[in-house]
Amino acid sequence: MSRPSLVDLENHQDFIQRHIGPTVNQQQAMAEALGYDSLDALIDDTVPAAIRREQAMDLGGAQSEQAVIARLRALAAQNVVNKSFIGTGYHDTYTPAVIQRNVLENPGWYTAYTPYQPEISQGRLEALLTYQQMVMDLTGMDLANASMLDEGTAAAEAMTLLQRVNKKNRSQTFIVAENCHPQTIAVVKTRADALDIDVVVGDPAELIGATDAFGALLQYPGTHGHLEDISPLIETAHDNQTLVTVAADIMALLLVKSPGELGADAVVGNSQRFGVPMGFGGPHAAFFATRDAYKRSTPGRIIGVSIDRRGNEALRMAMQTREQHIRREKATSNICTAQALLAIMAAFYAMYHGPEGLRRIAERIQRLTSLLQRMLATGNLTPDNDSWFDTLTYTVGEQRDAIVARALDKGYNLRLIGGDRLGVSLDETTTAADVDALVAIFTGSQPTSPCSSLDEEVAEFDGIPNALRRQVDYLRHPLFNDYHSETEMLRYMRRLEDKDIALNRAMIPLGSCTMKLNATTEMLAITWPEFAKIHPFAPAEQTRGYQALLAELEHMLLECTGYDAISMQPNAGSQGEYAGLLAIRRYHESRGDARRNVCLIPASAHGTNPASAALAGMKIVIVECDGKGNVDMDDLKLKAERHSEDLSCIMVTYPSTHGVFEESIIELCEVIHQHGGQVYVDGANLNALVGLAAPGKFGADVSHLNLHKTFCIPHGGGGPGMGPIGVGKHLQPFLPTNPVSPVPGLDANNDVVSATPYGSASILPISWAYIALMGGEGLQQATKVAILNANYIAHRLKDHFPILYTGTTGNVAHECIVDMRPLKEESGISEEDIAKRLVDYGFHAPTMSFPVPGTLMVEPTESESQAELDRFCDALIAIRQEIQAVQDGKLDAKDNPLVNAPHTLADVAASEWEHPYSREQAAYPVVSLRQSKYWAPVNRVDNVYGDRNLHCSCPSVESYRDEA
Ligand SMILES: *Cc1c(COP(=O)(O)O)cnc(C)c1O
């Protein structure tokens, strides 16, 4: 070999090969195994020529990990980290370091998937169940779900829940208290408008009882700090068959009566201030609690207690039959990805502090607020609110500008309210010195003595009306009381982590979910204070770093998709769908085409598609698929023709949910356009397109991009995610904005789909870093290898199992569907048995029974090495042989390692072993497991039992005692 040059030695493309599993030589060998001369030949034969992009993406070359971190540091440095007293639902907090390092920054937690396979998810299921218990205790409700996307969308979901369950009042009117957070009001209004619900915003004391409404939304305490006993209002509402949602502050609930005690029918709010950074808007977990009677109507995911085959307690996601995949447009909501990781953090925060610790934090915030009030009163400043938890609002007249200037000078952000009012909200990080500084800011002169000198004079809970003081205990479960030392907390979190399979253990071959590498370098920036500690409504001068990052990421995503404009607001794919459909709706309205409300959806679509179309107020018409799994073009033309007058759009996934590049996509777009419709391409499968084809160029008008799939944001065990939408020029004017911090370039009256202008902004550096590290060519290479890996798996498995769908040349796209139905007919072994047996082999199961019942859909992604692909294929082939043994009568049809899977350590270590196969075959069916073995902590979980006996709280305190 010749001497390498200095440039060769400084290879800036190192990261590409870190991200992509197979080496270049392996890629060549794999392509050859598939019968092609090269990887490019495979791609040319797989991706239809008609959709291939002509120009390369203008993204520059790959950058080194060091260069990317340096650039992110420079962007971060452009943000100004002020102390934020803005409140409005977002507060600074201390993330306990033990939680930051061992959960937020730990791939064992952040790379896990949504716990659809309960046997390998018991750790995060337990943490989420604890979250539900915490929310139930603090809200005083019977039932809570495992998180929502943000407080605004949770309030909107509560509105639709109340409408569903209120059988006594069929009015279409919903009352919203004017003292709700402004972003909540806006999100609710947008949601209501699409569903023809009339929202009346005003003083609830005047509206409730006087207005016939199915529901009402109150804020407790109000957005400007006022804390009042809302039980009389709720009573009046109930007398008039109006059900009530209360949006509550979780920290205040530690000191004041719970909304449940006050009569609420649903309670929503944000758990952000329980240890989750503000992050310029997210991600944080919103909570949602309601009455037991409404449990089957509750949106989102609910963790329930069930049993496993041995009758031992085991957790699982309850009532999955209500979800989008089953109920489609009749689903309770379109929420799929939620905020699991952040809910888990909030639960751990509560466990670490315990009830007394939390109460102390809340009391201290409240005391400091009372001291601030008292100090300002001596300066002749009286707050507009005569009761408070942590927020005071002052009408300051012409002093306003001077006060704001003094605050900014000191590095403090106040809440600017219309007219001449200012708000100040205190939090866990506020000190007595901050209060003194705030006094100086408001009065213009240093206080003569510090606020602490007044402490004796302030009554305990000054500011909280007597009637509202909390008497009911909370968080009595051992979980909230056993882990207050760091050692215990650390070990508890580790115990839970060890129960689960995340990407740091093995491939997670979930079709449609794109479980690729979430590189450590990509993750580093999210906990930097310059990104983490920014309030979503901080002044624009303080968020220049974010703005620059957003602009660059927008450019990058436009290059990847071929669209003209992006909205970063949707904080999950489902929300992107909703935002995109609303943009289409507004576009038609703007052209006098308001009657266009039919949404065509192919039968194979992901369940969120019809659920989102229903939310956007559209009428759904299903288009059939043909025997090959493609959209039936004849049926499409027929239905487009039939609805020519009222066609709004089509929602189509590309490549299809069947994992195939359909040749007809361009014609499909043309047909829809001919009939006046718009084309929504679900971009969840963009991992098969980036660098090769762009939906914005082959005819689509709008797509959402799941940044938590293609662009490396980790799944967090069920969220967070980001679902920005790309749109053509004509749809740009209809992108969503925000009422507090409007999105530049848009009409201030536009729709609002989530609570903050840029959704879960603080995880955007992850996708930015990925694209910068890969560069245009690296991204294209990743796409090619994703396609290669899927075809390699299909090739290795095809002699053992039928591969369901392929394109015209016999290839699949980036995923493949393995058909288990014929085998089930012959052997009685189901796709579920195979999925659970894979756990014994150390793997997370592929996507089960979506999009086709009785099948497994495998998506390897580019990040899995050839060795891991082989290990996975070897496992499936070994399982096939086990099935053959059942068919041949060598294994018992009823008692075999497949139907009994997964096997626990307790099973094989038990004194008794009653099965006709060996313990070794149960636990170590292949030699490689000797080196590293994952043990499922529970046996197969009973799906039916958990739903019949729905129990969604931690086991009773008494049951722990019994055990002890
Ligand atoms: C994942 C996925 C969605 C939904 O995305 P979420 O972020 O979970 O809401 C929609 N469509 C398809 C095809 C998907 O795979």
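These numbers come from a predicted model, not from an experiment.

Moving on, we come to the overall build of the chain. Regarding its fold elements, the chain presents 33 helices and 24 strands. Computed over the C-alpha atoms, the radius of gyration of the chain is 28 Å, within 12% of the 30 Å expected from 2.2 N^0.38 for a compact globule of 964 residues. Overall, the chain is about 85 × 70 × 70 Å in size when its C-alpha atoms are taken along their principal axes. Expressed as a percentage of its 964 residues, the buried residues of the chain come to 65%. For the chain, long-range pairs separated by at least 24 residues make up 76% of all intrachain contacts whose partners lie at least 6 apart in sequence.

Buried together is how nonpolar side chains tend to be arranged in soluble globular proteins. Core analysis: the largest hydrophobic core is formed by 304 residues, its most contacted members being Met134 and Phe348. With 22 residues, helix H14 (residues 340-378) is the largest single contributor of residues to this core. When neighbours within four sequence positions are excluded, Met134 is seen to be in contact with Ile250, Phe274, Ala346, Ala347, Ala350, Leu475 and Phe480.

What follows deals with the site of the ligand. Every one of the 14 residues lining the ligand counts as a neighbour, but Thr337, Ser512, Gly573, Asp682 and Lys709 are closest to it. Within the side chain of His708, one N or O atom sits 2.7 Å away from an oxygen atom of the ligand. Contact between the ligand and Lys709: an oxygen atom at 2.7 Å from a side-chain N or O atom of the residue. A total of 380 Å² of accessible area belongs to the ligand in isolation, and the protein chains cover 98% of it. Given that more than half its atoms are within 2 Å of the pocket grid, the ligand belongs to the largest pocket.

Further remarks concern empty space enclosed by the protein. Evaluation of the coordinates by the stated rule reveals nine cavities of 30 Å³ or more. By volume, the largest cavity is sized at about 210 Å³. In terms of lining, the largest cavity is formed by 22 residues, of which the most central are Gly89, His91, His181, Asp249 and Arg273. In terms of residue class, the lining of the largest cavity is built from four nonpolar, 14 polar and four charged. Roughly 170 Å³ of internal volume is contained in the second largest cavity. Around the second largest cavity sit 17 residues that line it, and Leu104, Pro283, Leu342, Ile526 and Ile763 are the ones nearest its centre. Here the residues of the lining of the second largest cavity sort into 15 nonpolar, two polar and no charged.

Let us now look at the pairing of strand S3 (residues 173-177). A regular strand places its side chains so that they alternate between the two faces of the sheet. Of all the five residues making up S3, five are buried; the element is thus mostly covered by neighbouring parts of the structure. Neither face of S3 is exposed, since Thr173, Ile175 and Ala177 on one face and Phe174 and Val176 on the opposite face are all buried. As paired strands, S3 and strand S4 (residues 198-202) are joined by five bridges and run parallel to one another. From the neighbouring strand, Ala177 faces S4, where its bridge partner is Gly202. The handedness of the S3 to S4 crossover, carried by helix H10 (residues 182-194), is right-handed. The pairing of S3 with strand S5 (residues 215-220) spans three bridges and is parallel. Looking at the pairing, Phe174 lines up with Gly215 of S5.

The full count for this structure, using the stated rule, is 40 salt bridges. Put simply, Asp500 and Arg124 hold a salt bridge, and the shortest N to O gap is 2.9 Å. Of this pair, Asp500 sits in the loop between helix H17 (486-498) and helix H18 (520-523) while Arg124 is found in helix H8 (residues 122-139), placing the two residues 376 residues apart along the sequence. The two residues Asp500 and Arg124 agree in class, both being buried. Asp593 is the salt-bridge partner of Arg596, the closest N and O atoms lying 3.3 Å from each other.

Parameters and conventions
- Residues numbered from 1 in each chain as written.
- Predicted model: local features only at pLDDT ≥ 70, side-chain atom pairs only at ≥ 80, totals over all residues.
- Heavy atoms only, no water.
- Helix = DSSP H or I, 4+ residues; strand = E, 2+ residues; numbered from the N terminus.
- Rg over C-alpha atoms; globule rule 2.2 N^0.38 Å.
- Buried < 20%, exposed > 50% of the residue type's maximum accessible area, 1.4 Å probe, protein only.
- Contact = heavy atoms within 4.5 Å.
- Core = buried A, V, L, I, M, F, W, Y, C linked by side-chain atoms within 4.5 Å.
- Near = heavy atom within 4 Å.
- Polar contact = N/O pair within 3.5 Å; in protein donor to acceptor, adjacent residues only side chain to side chain.
- Areas by Shrake-Rupley, 256 points an atom, 1.4 Å probe, with all protein chains shown as cover.
- 1 Å grid on protein atoms, 1.4 Å probe; cavity = no way out; pocket = protein on both sides within 12 Å on 5 of 7 lines; lining within 4 Å.
- Sits in = over half its atoms within 2 Å of the grid points.
- Points joined across faces, edges and corners; volume = space filled by probe spheres on them.
- Nonpolar A, V, L, I, M, F, W, Y, C, P; charged D, E, K, R; others polar.
- Pairing = 2+ DSSP bridges.
- Right-handed = clockwise from strand over helix to strand, strands pointing away.
- Salt bridge = Lys/Arg side-chain N within 4 Å of Asp/Glu carboxyl O.

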